[in-house]
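What follows is the residue order along each chain.
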Amino acid sequence: MKIKILDRNIMFYVVTIISIIALSIAYIAEYIFKLTPCHLCILQRYPYFVLFIIGIIGINISKNYYRDNFLNLIIIFCCIIIFILAAYHYFVEIGFFYGTSECTLKLSNTNIVEEILANSSRSCQDINWKIFGVSVTIIHSIVGLIETAYFTLAFFYNLKTRN
């Protein structure tokens, strides 16, 4: 039985749409709603850029069974990175882990007010974006897990069907 949503041709469209939506939400939050991203927020965007490029390559260039499966493995790897970064970010927010060195504001003793105003980044421990009272990092972790599951299922489905 053919499951259309797992088909390799559809999968590349799905990954492209997911990456466009994720990046659009991030940039709308930053530039329209003026939510300053922390270092981890910015790091979480990079796998989506890679996914977008892979999606475009898969849609336009790749129609080879082995190349498609290789691209699917890269997609799965990127989704795992998305999940790990989002989960790590959540644990930094709740204080379970310390953030990276870029996650803390580095201030000298002179002109502290000017440095705070000039510093465009924020601490990774600050939660400045919640949806229905839930930190976006939790939602992003769940989405990353769902993406990983979907693309893993698509990978094994496409290995089995080889159309």
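Structure's up top.
What counts and how
- Residues numbered from 1 in each chain as written.
- Predicted model: local features only at pLDDT ≥ 70, side-chain atom pairs only at ≥ 80, totals over all residues.
- Heavy atoms only, no water.
- Axes fitted to C-alpha atoms, helices over the stretch in contact; angles between N-to-C directions.
- Helix = DSSP H or I, 4+ residues; strand = E, 2+ residues; numbered from the N terminus.
- Left-handed = near helix turned anticlockwise from the far one by under 90°.
- Contact = heavy atoms within 4.5 Å.
- Nonpolar A, V, L, I, M, F, W, Y, C, P; charged D, E, K, R; others polar.
- Expected span 1.5 Å × (residues − 1).
- Buried < 20%, exposed > 50% of the residue type's maximum accessible area, 1.4 Å probe, protein only.
- Phe/Tyr/Trp six-rings, centres within 6.5 Å; stacked < 30°, edge-to-face > 60°.
- Lys NZ or Arg CZ within 6 Å of the ring centre and 35° of its normal.
- Polar contact = N/O pair within 3.5 Å; in protein donor to acceptor, adjacent residues only side chain to side chain.
- Core = buried A, V, L, I, M, F, W, Y, C linked by side-chain atoms within 4.5 Å.
- Salt bridge = Lys/Arg side-chain N within 4 Å of Asp/Glu carboxyl O.

Student: Got a minute to help me understand the packing of helix α1 (residues 8-31) against helix α4 (residues 65-93) in this structure?
Tutor: Geometry of a packed helix pair, given as the angle between the helix axes and the separation of the axes. Look at α1 against α4: their axes get within 11 Å of each other, and the N-to-C directions meet at 35 degrees. Crossing geometry of α1 relative to α4 is assigned as left-handed. Mapping the contact onto sequence places Arg-8, Met-11, Phe-12 and Val-15 in α1 and Tyr-65, Asp-68, Asn-69, Leu-71, Asn-72 and Ile-75 in α4. When its residues are assigned to classes, the contact of α1 with α4 shows six nonpolar, two polar and two charged.

Student: What am I meant to see in unusual backbone geometry here?
Tutor: Leaving glycine aside, a negative phi is the common case for residues, and trans is the common case for peptide bonds. Notably, Lys-34 is not glycine yet its phi reads approximately 60 degrees, a positive angle. By the secondary structure assignment, Lys-34 is in the loop between α1 and α2 (39-43).

Student: When you look at α1 in this model, what are you seeing that I'm missing?
Tutor: Side chains that are three or four residues apart share a direction in an α-helix, a result of its 3.6 residues per turn. Taking 1.5 Å of rise per residue, 24 residues should cover 34 Å, and α1 covers 34 Å from first to last C-alpha, within 8% of that figure. Among the residues of α1, those classed as buried are Arg-8, Met-11, Phe-12, Val-14, Val-15, Thr-16, Ser-19, Leu-23, Ala-26, Ala-29 and Glu-30.

Student: What is the right way to read the packing of aromatic side chains from this model?
Tutor: Between two aromatic rings, the relevant description is the distance of the centres plus the angle of the planes. Evaluated as defined, the whole model comprises five aromatic pairs. On the numbers, 4.7 Å between centres and 75 degrees between planes, the contact of Tyr-150 with Phe-151 is edge-to-face. Residue class for Tyr-150 comes out buried when judged on its relative accessible area of 16%. Residue class for Phe-151 comes out buried when judged on its relative accessible area of 1%. The rings of Tyr-90, Phe-91 and Phe-96 are connected pair by pair, giving a single aromatic cluster. Directly above the ring of Tyr-27 sits Arg-45, whose terminal nitrogen or CZ lies 4.6 Å from the centroid.

Student: Could you clarify how one ought to interpret the side chain of Thr-148 in this entry?
Tutor: Following the sequence through the fold, Thr-148 ends up in helix α6 (residues 136-161). A relative accessible area of 14% means that Thr-148 is categorised as buried. Of the polar contacts made by the side chain of Thr-148, one reaches the backbone oxygen of Cys-79; its length is 3.3 Å. Not counting chain neighbours up to four residues away, the residues in contact with Thr-148 comprise Cys-79 and Ile-80.

Student: Can you walk me through the nonpolar core in this structure?
Tutor: Note on soluble globular proteins: their nonpolar side chains tend to be buried together. If you look at the biggest cluster of nonpolar residues, it comprises 21 residues, and the most contacted ones within it are Met-11, Phe-12, Leu-51, Ile-75, Tyr-150 and Phe-151. Those elements that place two or more of their residues in this core are α1, α3 (46-60), α4 and α6. Not counting the four nearest positions on each side in its chain, Ile-75 is found in contact with Phe-12, Val-15, Leu-51, Ile-54 and Phe-151.

Student: When you look at the pattern of salt bridges in this model, what are you seeing that I'm missing?
Tutor: Between side chains of opposite charge, a pair can form when the charged atoms approach closely. For the structure shown, the criterion picks out one salt bridge. Between Glu-30 and Arg-45 there is a salt bridge, with the nearest N and O atoms lying 2.8 Å from each other. Separated by 15 residues along the polypeptide, Glu-30 in helix α1 and Arg-45 in the loop between α2 and α3 bring together distant segments of the chain. Each member of the pair Glu-30 and Arg-45 is classed as buried.

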